[in-house]
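# Results of the structural survey
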Amino acid sequence: MAEVTIESDHVDELREQLIGKLHELKALRTEAVERAVRAVPRHLFVPEETAEDAYAAERSLVTKRDEHGVAISSVSAARIQTFMLEQADVQPGMRVLEIGSGGLNAAYLAELVGVSGEVVTVDIDPDVTARAERLLTGNGYSQVRVVLADAENGIPEHAPFDRILVTVGAWDIPPAWVEQLADDGRLVVPLRMRGLTRSIAFQRESGHLISRDSEVCGFVPMQGSGAHREDLLLVNGTDEIGLRFDDGLPSEPSLLDNAARTPRAETWTGVTVGRWESFELLQLYLATMLNGFCIMAVDPELDTGLVAPSNKYFSMAAVGGANFAYVATRRTPDDKSVEFGVHAFGPDGPAFAETVASHVRAWDREQRGGPGPRIAVYPADTPDDQLPGERVISKIHCRVTFSWPTAATAAEDQVVLHHPTE
């Protein structure tokens, strides 16, 4: 009995430490979500891990890998789970669909909807649903309905839903998710846009969805009909440098065959950020303003020093014809900030480096500290002349447009999504 009491006291202490940290990170904002986090025995939903790991705010826990060792199912970090629950704004009595199962997040949702509500959690992987059902039943949440299905089509037999919470990375938004959402319902989805994922809370109003919140996040990608793989373009004929494209390769990728054999052009922008300052809006700005935007990665074991990115695994990059460039940083003399620069290769490397640098300076001058872009999504067959916004990203079900605010519209911070079924 004494040992059980000591263990219980330790878990209680870890839980309270987690709640304090989540408040500090501004992920936890309401009493309702705090009560849910306090009520669910988080450590019992990840029995393979230590209690310390289970209650770590920033630690995600992999629960299944594929034959190549790649994570295909995980328990998200507590910070991400919490801010998505806050985005969802789940109320007692609601009917909620969770897409991407595991058990723990469904338990939080069950606490939020209460005895008068309903939670359905769906996953395409039978191992994942079996685990979720076992953990939910074993920890007192047998009322949660666990469904094995491809979530691309939603769960029509249990619709409509007041809330749909997607906990896997989605490249597109299938029509079923909107069709099965209540008229005033809310969809929270980690939406991937040119390799950048943002968890966006969309509120349905009069047949369309308007965003209420957006957060940077990362998730294992969706499987099944909604799966979407990036295209990889190797530079310099080896595996050393790879460019990952989210919306298809450049029309003539062979133009880059000799780009890396040219001297590296470098230009520095004069734009600086503090060492711990977020610049996630710059990422989204470049992703939407540069048509050839991609993500560059360097294999550390094959690295010859040809390129010198700040992060070998994730660097903002772009392709323009026979040229490619990436964003680099260097420390300022006082070591308190870093300055953005651009390195480029190709026959017009210096000019292309300056082109990318001009967009960095434009972000600093016009968008830094602002609300971010207005995003609208229309049916895939919508003609160009009927689309708002300066930039368009076409997906299977829809076309996504981005309108970056001018000084006159900087106060407007809504993201609008019009679904193809409208």
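Let me sum up the structure you'll find in this document. Because the structure is a prediction, the values reported are computed rather than measured. Residue positions are given per chain, counting from 1 as you read along its sequence in written order. Thresholds applied to this predicted model are a pLDDT of at least 70 for local features of residues and 80 or more for the giving and counting of side-chain atom pairs; totals over whole chains, interfaces and linings are not thresholded and use all residues. Hydrogen atoms and water are omitted, and side-chain values are computed over all heavy atoms in the structure.

## A look at the overall build of the protein
- Under the DSSP-based scheme used, a helix requires at least four consecutive residues in state H or I and a strand at least two consecutive residues in state E, with every element numbered from the N terminus. Counting its regular elements, the protein contains 9 helices and 20 strands.
- Note on method: radius of gyration uses C-alpha positions; expected globular size equals 2.2 Å times residues raised to 0.38. In summary, the protein has a C-alpha radius of gyration of 23 Å against a globular reference of 22 Å for 422 residues, a match within 12%.
- Out of the 422 residues belonging to the protein, those deemed buried represent 52%.
- Long-range contacts, defined here as pairs at least 24 residues apart, represent 60% of the contacts in the protein between residues at least 6 apart.
- Once the 38 positive and 64 negative side-chain charges of the protein are each reduced to a mean point, those two points are 4 Å apart. The classification of residues rests on relative accessible area computed with a 1.4 Å probe and restricted to protein chains. Under 20% of the type maximum is buried, over 50% is exposed, and intermediate values are partly exposed. We call two residues contacting when some pair of their heavy atoms lies within 4.5 Å. Positive residues here are Lys and Arg, negative ones are Asp and Glu, while His and the chain termini are left out of the count. For the purpose of locating charges, the reference atoms are NZ of Lys, CZ of Arg, CG of Asp and CD of Glu.

## Some words on the packing of aromatic side chains
- Each pair of aromatic rings taken from Phe, Tyr and Trp, with Trp reduced to its six-membered ring, is defined by centres within 6.5 Å and is described as stacked if the planes are under 30 degrees apart, edge-to-face if over 60, and tilted in the remaining cases. Tallied over the full model, the rule gives 4 aromatic pairs.
- Both rings, one in Phe45 and one in Tyr141, keep their centres 6.3 Å apart while their planes meet at 50°; by these two values the pair is tilted. Of the two residues, Phe45 is situated in the loop between helix H2 (31-39) and helix H3 (51-54) and Tyr141 in the loop between helix H6 (126-138) and strand E5 (145-148); the sequence distance between them amounts to 96 residues. No difference in accessibility class separates Phe45 from Tyr141, as the two residues are buried.

## Side note on the nonpolar core
- Counting 60 residues, the largest nonpolar core has Ile99, Val166, Trp177, Leu187 and Leu286 as its most contacted members.
- Apart from the residues lying within four places of it in its own chain, the contact partners of Val166 are Met84, Ile99, Trp177, Leu187, Val188, Val189, Pro190 and Met222. Throughout, nonpolar core names a set of buried Ala, Val, Leu, Ile, Met, Phe, Trp, Tyr and Cys residues whose side chains join them through atoms within 4.5 Å.

## Re the packing of H2 against helix H5 (residues 104-113)
- Fitted lines through C-alpha atoms serve as axes, helices being fitted only where they are in contact, and the angles separating the N-to-C directions of these axes extend from 0 to 180 degrees. Between H2 and H5, the least distance of the axes is 9 Å, while the angle of their chain directions is 130°. Between H2 and H5, the crossing angle belongs to the class labelled oblique. Judged by the sense of rotation from one axis to the other, the crossing of H2 with H5 is right-handed. Across the interface between the two elements, Ala32, Val33, Ala36, Val37 and Ala39 from H2 touch Tyr108, Glu111 and Leu112 from H5.
- Looking at side-chain class alone, the contact of H2 with H5 contains 7 nonpolar, no polar and 1 charged residues. For this classification, under 35 degrees means roughly parallel, over 145 means roughly antiparallel, 65 to 115 means roughly perpendicular, and everything else is oblique. A crossing counts as left-handed when the near helix is turned anticlockwise from the far one by less than a right angle, and as right-handed when that turn is clockwise. Nonpolar residues are Ala, Val, Leu, Ile, Met, Phe, Trp, Tyr, Cys and Pro. Charged residues are Asp, Glu, Lys and Arg, and all others, Gly as well, are polar.

## A short note on the pairing of E5
- Paired strands, in this sense, are two strands between which DSSP finds at least two bridges. With 4 bridges joining them, strand E4 (residues 118-123) and E5 adopt parallel strand pairing. What sits directly across from Val120, in E5, is Arg145.
- By definition, the crossover connecting two strands over a helix is right-handed if that path, from the first strand to the second, turns clockwise as seen with the strands pointing away from the viewer. The β-α-β motif built from E4, the intervening H6 and the parallel element E5 has right-handed crossover chirality.

## Observations concerning the side chain of Arg192
- Looking at where Arg192 falls in the secondary structure, it is placed in strand E7 (residues 181-193).
- By relative accessible area, which is 12% here, Arg192 ends up buried.
- Pairs of N or O atoms are called polar contacts if they sit within 3.5 Å, as long as, within protein, a hydrogen donor faces a hydrogen acceptor (for residues adjacent in sequence, only side-chain-to-side-chain pairs). Separated by 3.2 Å, the side chain of Arg192 and the backbone oxygen of His228 make a polar contact.

## Quick word on the pairing of strand E14 (residues 315-320)
- For E14, the buried fraction is high: 5 of the 6 residues fall into the buried class.
- Where strand E13 (residues 293-298) meets E14, 4 bridges bridge the pair, whose relative direction is antiparallel. When the sheet's bridge partners are listed, Met296 is paired in E14 with Ser315.
- The pairing of E14 with strand E15 (residues 323-331) spans 4 bridges and is antiparallel.

## A short note on the sheet that holds strand E17 (residues 374-379)
- Strands sit in the order E17-E19-E18 across an open sheet of 3 strands; the sheet is antiparallel. If you trace the sheet from one side to the other, it starts and ends with E17 and strand E18 (391-394), each paired once. Each neighbouring strand pair of the sheet contributes to a mean axis angle of 25°, computed without reference to strand direction.
- By the bridge criterion, 4 bridges tie E18 to strand E19 (residues 398-403) in an arrangement that is antiparallel. By the bridge assignment, Ser394 is partnered in E19 with Arg399.

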